[in-house]
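Overview (structure and organization)
This is what each chain is made of:
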Amino acid sequence: MVQVAMTITYLANPARFMRVSAVLLPWVAGLAAVVLAVGLYWSLVIAPPDYQQGESVRIMFIHVPAAWLASLVYLVIAVASFVALVWRHPLAEIAAQAAAPVGAAFTLVCLVTGSLWGRPMWGTYWVWDARLTSVLVLFFLYLGYIALVSAFDDPARGARAGSILALVGVVNLPIIKFSVDWWNTLHQPASISLTGSTIDPSMLWPLLVMAVGFMLLFAALLMVRMRAMLNERRVRALRLQGG
Amino acid sequence: MAGFFALVRRDLCLAWRQGGEIGLAVGFFVLAVVLFPFGVGPEPELLRRVSAGIIWVAALLAAVSSLDRLFAADHADGGLDLIALSPLPLEVAVLAKCLAHWLTTGLALTIVSPALAVIVDMASADMPVLVLGLLLGTPALTLIGAIGAALTLGARRPGVLSALLVLPLYLPPLIFGAGAVEAGMGGGGARAHLLLLGAFSLGALVLAPIAAAAALRDALE
């Protein structure tokens, strides 16, 4: 734990972050590509079709990791926002802003794949089920955050306002997680928990590989976007200096 | 405490003397409800089924449209800086402004809601649940709205932006408020919905002033 805290403190210097991420980025991106390729082949070709859902179960290998990442990325944004508000750390603000569009994209993927799966399985693209509705709210929270951050002439003010909004929106995360247990509507409850899984290993393993691939993809995209934003700031600062 | 009531009295005076303020929110609310029969058709059966939803959605929209009143004028004329400098904690000042705002919108909407319930053909037995629900839920609308209003101070197009931020957070009161009337129609199961609605408002009462005050401090920096 102390080690992790020290690593984060060490990396919290923007210049140092740029150096370390330049080395890490190709490896993380390459690993993400490999893991995703393996995961996609495994889940779309090797894994057996479901005895009830048939081939359309394969949508789940995209849908479930996207849903996990949608919540996880929001949590990352909220933690980064907290750090930014408490310690006024510029890199945390950049991390939160860089993560937001990626998280919004994961949420959209989750909603779209879910609705494509729902059409043959539930007979409808969309139902006003508690889980679906709360994920839709999450999508709107992402959009609101992105809109708020870019709505000010002073970027620092937009960043702080966004941080407060991100923390307010955290209340939605437990609602998403427990919506299937509290309201018991159409969306099925979680099949995987820390204590075990009700999924057959032949489907569980490709799913987990896909989840790891999605996480690596997020890490790579986050680094790319953070580096771009830091470079953008540097260019702006140099322009102001140069007159 | 004296400062708290002074602020409430001042905001109420301003809302009262500037005339239109209260009427505007109520007028918006009435018009929004009246639009629905034109949109979905005038069949009494259909209207009765969706009456609670119509009134709650209209209340949400009226609340959102009145949010700019909360801080924007004081921010523009510098009054907000003086409030922030006063010995009153900013969180308490936010609470005072929310109370005044709720008295002039949430409470006003609640008072006219039975008349609107008649227009959309709600059964008179369901009206107490509707009014009680609005009474319990509208404070949450003002309090959460205060966060949105404070966050968007000084932004480009603050009105649309605060609506975008706040409306997703208004979903729980909408679900439980309209759900209470619906459950009551089925035969007296409104209690659980109303309790959840009250719990949501109490939670907002504790947390929203903190978030709104933090946002105001940033806006005033």
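Look up a bit, the structure's there.
Here the structure is a predicted model, which means the values were calculated and not measured.

What follows covers the overall build of chain B. Helices and strands together make up the secondary structure of chain B, namely 11 helices and 0 strands. Overall, chain B shows an N-to-C arrangement of helices and strands of α-α-α-α-α-α-α-α-α-α-α. Here the C-alpha radius of gyration of chain B, 18 Å, is about what a compact globule of 221 residues would show, namely 17 Å. The principal-axis extents of the C-alpha atoms in chain B amount to approximately 55 × 30 × 30 Å. Within chain B, the fraction of its 221 residues that count as buried is 47%. Nonlocal contacts in chain B, meaning residues at least 24 apart in sequence, comprise 82% of its contacts between residues at least 6 apart.

Residues and elements named next belong to chain B. Put simply, helix 2 (residues 20-40) and helix 7 (residues 106-119) touch, their axes get as near as 10 Å, and they point 25° apart. When the axes of helix 2 and helix 7 are compared, the pair comes out roughly parallel. Crossing of helix 2 against helix 7: the hand is right-handed. Of the residues in helix 7, those touching helix 2 at Ile 22, Ala 25, Val 26, Phe 29, Val 30, Val 33 and Val 34 are Ala 108, Leu 109, Val 112, Leu 116 and Ile 119. For the contact of helix 2 with helix 7, a count of residues per class yields 12 nonpolar, no polar and no charged.

Owing to its 3.6 residues per turn, the α-helix brings residues three or four apart onto one side. All names here are of chain B. Listing the buried residues of helix 4 (residues 68-77) in full gives Arg 69, Leu 70, Phe 71 and Asp 74. Looking straight down helix 4, one finds its buried side chains confined to an arc of 165°; they lie on one side. Along helix 4, the residues that are exposed and aim more than 90 degrees away from the buried face are Ala 76 and Asp 77. On the buried face of helix 4, the contacting elements are helix 2, helix 5 (79-85), helix 6 (90-104), helix 8 (127-151) and helix 11 (190-220). Just downstream of helix 4, Gly 78 is the residue with a positive phi angle, here 85°.

Procedures and definitions
Residues numbered from 1 in each chain as written. Chains lettered and ligands numbered in written order. Predicted model: local features only at pLDDT ≥ 70, side-chain atom pairs only at ≥ 80, totals over all residues. Helix = DSSP H or I, 4+ residues; strand = E, 2+ residues; numbered from the N terminus. Rg over C-alpha atoms; globule rule 2.2 N^0.38 Å. Buried ≥ 20, exposed ≤ 12 C-beta atoms within 10 Å, placed from the backbone. Contact = placed C-beta atoms within 7 Å. Axes fitted to C-alpha atoms, helices over the stretch in contact; angles between N-to-C directions. Parallel < 35°, antiparallel > 145°, perpendicular 65-115°, else oblique. Left-handed = near helix turned anticlockwise from the far one by under 90°. Nonpolar A, V, L, I, M, F, W, Y, C, P; charged D, E, K, R; others polar. Arc of directions from axis to C-beta.

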